[in-house]
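A closer look at the structure
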Amino acid sequence: MTAASQASPTPPDAEPHHVAPEADDSQTESEKFILEMLQRLDAADTEAGNLRQALVNSRDIGAAVGILMVQH
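This report concerns the structure included in the present document. (Residues numbered from 1 in each chain as written. Predicted model: local features only at pLDDT ≥ 70, side-chain atom pairs only at ≥ 80, totals over all residues. Heavy atoms only, no water.)

1. What about the overall build of the protein chain?
Looking only at helices and strands, the protein chain has two helices and zero strands in total. A burial count over the protein chain gives 11% of its 72 residues as buried. Carbon and sulfur atoms provide 62% of the accessible area of the protein chain, an area that totals close to 6,000 Å². (Helix = DSSP H or I, 4+ residues; strand = E, 2+ residues; numbered from the N terminus. Buried < 20%, exposed > 50% of the residue type's maximum accessible area, 1.4 Å probe, protein only. Areas by Shrake-Rupley, 256 points an atom, 1.4 Å probe, with all protein chains shown as cover.)

2. Let's talk about helix 2 (residues 29-71)
If you check helix 2, its first and last C-alpha atoms are 63 Å apart, about what 43 residues at 1.5 Å a residue would give, namely 63 Å. Buried within helix 2 we find Leu35, Asp42, Thr46, Gly49, Asn50 and Gln53. (Expected span 1.5 Å × (residues − 1).)

3. Re the pattern of salt bridges
Counted according to the given criterion, the structure contains two salt bridges. Lys32 is paired through a salt bridge with Glu29; the nearest N and O atoms lie 3.8 Å apart. You can see Lys32 and its partner Glu29 sitting in helix 2, three residues apart, about one turn around the helix. Classification of Lys32 as partly exposed rests on a relative accessible area of 26%. We classify Glu29 as exposed; its relative accessible area is 62%. The closest approach of N and O atoms between Arg40 and Glu36, which form a salt bridge, is 2.7 Å. A residue pair is termed a helical-turn pair when its members lie 3 or 4 positions apart in one helix, as Arg40 and Glu36 do in helix 2 at four residues. With relative accessibility at 52%, the residue Arg40 sits in the exposed group. Exposure remark for Glu36: the relative accessible area of 34% places this residue in the partly exposed category. (Salt bridge = Lys/Arg side-chain N within 4 Å of Asp/Glu carboxyl O.)

Here's what the structure looks like:
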């Protein structure tokens, strides 16, 4: 696993990933489109990492619940 997939998940709003500059009038439509797509890609990458970590945590929690059920 990579270091990114081992980080604890945080709500998307709380994670200050790459903040791209706001589009301005000096940018062409193509540049604005590319900027928006890069922002979406970054958000999707962040969400994928959070989901991977949630899956790892879910497995650990499931194993712990199974152990407790056997003991009681």
